Amino acid sequence: MKFVRTLLSPRGAVFLLLVVLLVAVMILNPNFAEPGQLMRFVQRVAPIAIVAIGQYFVIIAGEFDLSQGSLITAQVIIAGNVVGQDDSRTVPVLLLMIVFGLVIGFINGIITTLLKVPSFIVTLGMMLALLGLVLWWTGGAATGNPADSFREIGRGGVRDIPVIDFLPWSVLILAGWLALGIWITKRPLGKVLIALGDNARTVRYSGARDWWATTQAFMISSLSATVTAVLLVGYAGVHPSVGRGYEFVAITAVVLGGVVLGGGRGWIVAAVAGAFVLEALFLLLNIAGVPATLRDAVQGVIIIAAVAYSGVAFRARRRPATPPASPDQGKEPDAPDGAAARTSASPALAAEGVAETRGD
């Protein structure tokens, strides 16, 4: 019974939905069940899943990052025009892209936290600024052609592997990025971010550097967008349209994974599973012959439905099973045995070495 409740919870439902969608795809297209085809599917999902990991850290802190898509576009254009056909520039340009991504994330975080501008407005402005610069640079047309050594990161891999035959680099990068994300959630930074989304005022009163934690979340988000851009250069080419809309795809994936908009609750693995669900759904619709023009409409319905389901399930969990018994009039409620006060702290505050003591 507990297993069934877990599957029906916002965190577990995404995995159940993923299995249902994959089975449906295999029924309509039996070739999809081949190991090589499944690996190609994971390769297509990898850029979306990586950018969703970055969006996850921002959302659990109670913020949004709408600049991811435009940052991906800008990074793709940088790679296409700066690397050129010179293989020796691959590593320096990769370092340049990483620094550029971290700077964009730092700017988003500083303006949001120190200037108290809502992250929705800050990242929306950054999205438009980056997109405008890209269009000014390229004139709205495809430009640049990076060397094959750079493209190999996104479309290459290890070949002649038994069963699957081909293991793309993007799959290995996704696995490493997810492992790093899980590690961060176990560290004080991850716990502080969750605490910020749950109760930011308490975190500030605890003495934790909330502004720096939120800024790091934006930097992780921008770094995730940079990694996604490197992969997209490999098989999507260099064009100002590459990366557009990825911020909304990432938000949809995170919401599908049961992460609560507004922060405080969510599991990074479920957010990645949400990216797989989204791609599996679009693949199923494509096989069924549903017009691609309905993709945005389907995505919007998914966001509304997932947020509504998550909200209903969360309220149901918080509703007490039985109302607490009221104390007798004129009589003080009894304190717990051996204690007159209780010490409580969120995991994040405990990690910072701060606890809040309150009387019962």
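Residues numbered from 1 in each chain as written. Predicted model: local features only at pLDDT ≥ 70, side-chain atom pairs only at ≥ 80, totals over all residues. Heavy atoms only, no water.

Draft legend 1. Up close: the environment of Gly-84. One can find Gly-84 in the loop between helix H4 (68–82) and helix H5 (90–113). Note on Gly-84: relative accessible area 18%, which makes it buried. Beyond its immediate stretch of four places on either side in the chain, Gly-84 contacts Ala-79, Asn-145, Pro-146 and Ala-147. (Helix = DSSP H or I, 4+ residues; strand = E, 2+ residues; numbered from the N terminus. Buried < 20%, exposed > 50% of the residue type's maximum accessible area, 1.4 Å probe, protein only. Contact = heavy atoms within 4.5 Å.)

Draft legend 2. View of helix H11 (residues 246–256). The buried count for H11 comes to 10 of 11 residues, which makes it a mostly enclosed element. Taken together, the buried positions of H11 are occupied by Tyr-246, Glu-247, Val-249, Ala-250, Ile-251, Thr-252, Ala-253, Val-254, Val-255 and Leu-256. The first or second residue beyond H11 is Gly-258, which carries a positive phi of 85 degrees.

Draft legend 3. Spotlight on the side chain of Gln-43. Examined against the element boundaries, Gln-43 turns out to sit in helix H3 (residues 35–60). A distance of 3.1 Å separates polar atoms of two side chains, one belonging to Gln-43 and the other to Arg-40. Excluding anything up to four places from it in sequence, Gln-43 contacts Gly-154, Arg-155, Phe-166, Pro-168, Ser-170, Val-171 and Tyr-235. (Polar contact = N/O pair within 3.5 Å; in protein donor to acceptor, adjacent residues only side chain to side chain.)

Draft legend 4. Seen up close, the packing of helix H7 (residues 148–155) against helix H8 (residues 169–186). Orientation of H7 relative to H8, taken along the N-to-C sense of each, is 65 degrees, at an axis distance of 6 Å. Relative to H8, the element H7 is oriented roughly perpendicular. Residues Glu-152, Ile-153 and Gly-154 of H7 form the contact with H8, whose participating residues are Trp-169, Ser-170 and Ile-173. Taken together, the residues of the contact of H7 with H8 sort by class into 3 nonpolar, 2 polar and 1 charged. (Axes fitted to C-alpha atoms, helices over the stretch in contact; angles between N-to-C directions. Parallel < 35°, antiparallel > 145°, perpendicular 65-115°, else oblique. Nonpolar A, V, L, I, M, F, W, Y, C, P; charged D, E, K, R; others polar.)

Draft legend 5. Representation of the pairing of strand E2 (residues 165–168) within the structure. Relative to E2, strand E1 (residues 157–161) runs antiparallel, the two sharing 4 bridges. The residue bridging Gly-157 from the neighbouring strand is Pro-168, located in E2. In this antiparallel pair of consecutive strands, E1 and E2, the connection spans 3 residues, and Val-163 shows a positive phi of 75 degrees. (Pairing = 2+ DSSP bridges.)

Draft legend 6. Representation of a nonpolar patch on the surface within the structure. A surface patch of nonpolar side chains, about 310 Å² in accessible area, is lined by Val-99, Val-103, Phe-106 and Ile-107. Position of Ile-107 relative to the elements: it lies in helix H5. Look at Ile-107 and you get partly exposed, because its relative accessible area is 34%. (Patch = residues over 30% accessible without salt bridge, like charges linked within 9 Å, V, L, I, M, F, W, Y side chains within 5 Å. Areas by Shrake-Rupley, 256 points an atom, 1.4 Å probe, with all protein chains shown as cover. Salt bridge = Lys/Arg side-chain N within 4 Å of Asp/Glu carboxyl O.)

Note that all results are geometric; they support no functional claim without further evidence.
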